Amino acid sequence: MELFQLVEEVKEKIAKVKNLAELREIEVEILGRKGKISLFLKGLKKIKALEERRRKGKEINEAKSFLTELIRRKEEILARQLEEEILKKEEIDISQPGIKPRKGHLHLITKTIWQIEEIFKKMGFAVADGPEIETPYYNFDALNIPENHPARDLWDTFWLKKKNYLLRTHTSPVQIRYMEKKNPPLRIIAPGKVFRYEATDASHEIQFHQIEGLMVDKKVSLGNFKAIIKEFFNEFFSEETDIRFRPSYFPFTEPSVEIDIKPKKTDKWLEIMGAGMVHPKVLANVKINPLEWTGFAFGAGIERLIMIKYNIPDIRLFYKGDLRFIRQF
Ligand code: DAH
């Protein structure tokens, strides 16, 4: 093979090369110690005529430099291509808005409980709590709901296997626990979970939250309660909210009332909580003298308050864990 043929052949090969490994192979094959150029150089020895040998030698060296340069340039091109490919794979669109890591947040129920606590704290109420597993004494008897009393039917109860324990059906037992420990005057609210053994639907869950309130002092009246609860609703709904009392019955209050509210946006009376003057027997049960002290108490469903405030149609949404619901608040 003539030198010029080799050069042509190598030029073609290099043009077709697709990656650095292929190029490296050609480089070894042509310019390596045992490569084709070396063979040509060895061939020089056979040329006797000095002039001829010099000319040939010069030709071979020129071909060698030419091919070396050709390979170097191809190498540059391939290296740039490789870099571009890698960058493309890692491509990010810098015109897109940055992605903020999504932090969790408190559940609407927790947020609302905290908000309710703040409103009552401003009016001098402390926050109390009690166990979710209760005894019939605290859940019923101490609240003037004796065994066999038809009022016990009002509270469909989850009984524990361990006899004489139940899941509290309301937050009212916290009243008893608190008054057993503290002497009046006292003002508390007690938010917490309660349980009812009943069928679930859009407005009933087997587990929900209540907020209990209790104030015991000298000469406390229903009038005091009305002022306080009106202030609470005005604050909670961030607007003047009409309220009204209707006579009702609870074994642990006398008289008992049902409170309705009329938020501006509904313009309808909605039943929202039970309340009343703490029954003298309840005070006596915790060794507070009902002739000396009087008090009011109230209890409301927290989910119901939230549903009215935010127009939530179904109580079961609170517990589904559906992020589309949760992230709205
Ligand atoms: N405990 C009652 C219930 O679960 C609500 C209630 C009514 C609480 C009147 C009170 C009250 O403190 O005075 O339905």
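Check the entry above for the structure.
Rules used in this analysis
- Residues numbered from 1 in each chain as written.
- Predicted model: local features only at pLDDT ≥ 70, side-chain atom pairs only at ≥ 80, totals over all residues.
- Heavy atoms only, no water.
- Phe/Tyr/Trp six-rings, centres within 6.5 Å; stacked < 30°, edge-to-face > 60°.
- Helix = DSSP H or I, 4+ residues; strand = E, 2+ residues; numbered from the N terminus.
- Buried < 20%, exposed > 50% of the residue type's maximum accessible area, 1.4 Å probe, protein only.
- Lys NZ or Arg CZ within 6 Å of the ring centre and 35° of its normal.
- Near = heavy atom within 4 Å.
- Polar contact = N/O pair within 3.5 Å; in protein donor to acceptor, adjacent residues only side chain to side chain.
- 1 Å grid on protein atoms, 1.4 Å probe; cavity = no way out; pocket = protein on both sides within 12 Å on 5 of 7 lines; lining within 4 Å.
- Sits in = over half its atoms within 2 Å of the grid points.
- Nonpolar A, V, L, I, M, F, W, Y, C, P; charged D, E, K, R; others polar.
- Pairing = 2+ DSSP bridges.

What follows covers the packing of aromatic side chains. In total, this model carries 17 aromatic pairs according to the counting rule given. Ring geometry for Phe-225 against Phe-296: centres 4.9 Å apart, planes inclined by 50°, an arrangement best described as tilted. Of the two residues, Phe-225 sits in helix 8 (residues 222-236) while Phe-296 sits in strand 9 (residues 294-301), which places them 71 residues apart along the sequence. Both residues of the pair, Phe-225 and Phe-296, count as buried. Aromatic rings pair up to connect Phe-120, Phe-125, Phe-225, Phe-232, Phe-233, Phe-236, Phe-237, Phe-245, Phe-296 and Phe-298 into one cluster. Against the face of Phe-245 rests Lys-226, its NZ or CZ located 5.0 Å from the ring centre. Taking the ring centre of Phe-236 as reference, the NZ or CZ of Lys-309 above it sits at 4.5 Å.

The immediate surroundings of the ligand are formed by 16 residues, with His-170, Ser-172, Arg-196, Gln-210 and Glu-212 found nearest. Gln-175 places a side-chain nitrogen or oxygen 3.1 Å from an oxygen atom of the ligand. The contact in question runs from an oxygen atom of the ligand to an N or O atom on the backbone of Ala-297, over 3.1 Å. When atoms are counted within 2 Å of each cavity's grid points, the one that captures over half of the ligand is the largest pocket. For the shell around the ligand, the secondary-structure elements that each account for two or more residues are strand 5 (207-217), strand 8 (270-278) and strand 9. Its residues assigned to classes, the shell around the ligand comprises six nonpolar, eight polar and two charged.

A few words now on the sheet that holds strand 9. Taking strand neighbours across the sheet as the criterion, the seven strands line up as 1-4-5-9-8-7-6 in an open arrangement whose pairing is mixed. Of all strands in the sheet, those bounded by a partner on one side alone are strand 1 (126-127) and strand 6 (242-250). Of the strand pairs in this sheet, strand 5 and strand 9 are connected by eight bridges, and their pairing is antiparallel. Among the inter-strand pairings, Met-215 is bridged to a residue of strand 9, identified as Phe-296.

Right, let's talk about the pairing of strand 4 (residues 186-195) for a bit. Within strand 4, eight of the 10 residues are buried, which leaves it mostly tucked inside the rest of the structure. As paired strands, strand 1 and strand 4 are joined by two bridges and run parallel to one another. Among the inter-strand pairings, Val-127 is bridged to a residue of strand 4, identified as Ile-189. When strand 4 meets strand 5, the two strands line up antiparallel, connected through 10 bridges. Bridging from a neighbouring strand, Phe-195 pairs with Gln-207 of strand 5.

Structural measurements only, silent on function.
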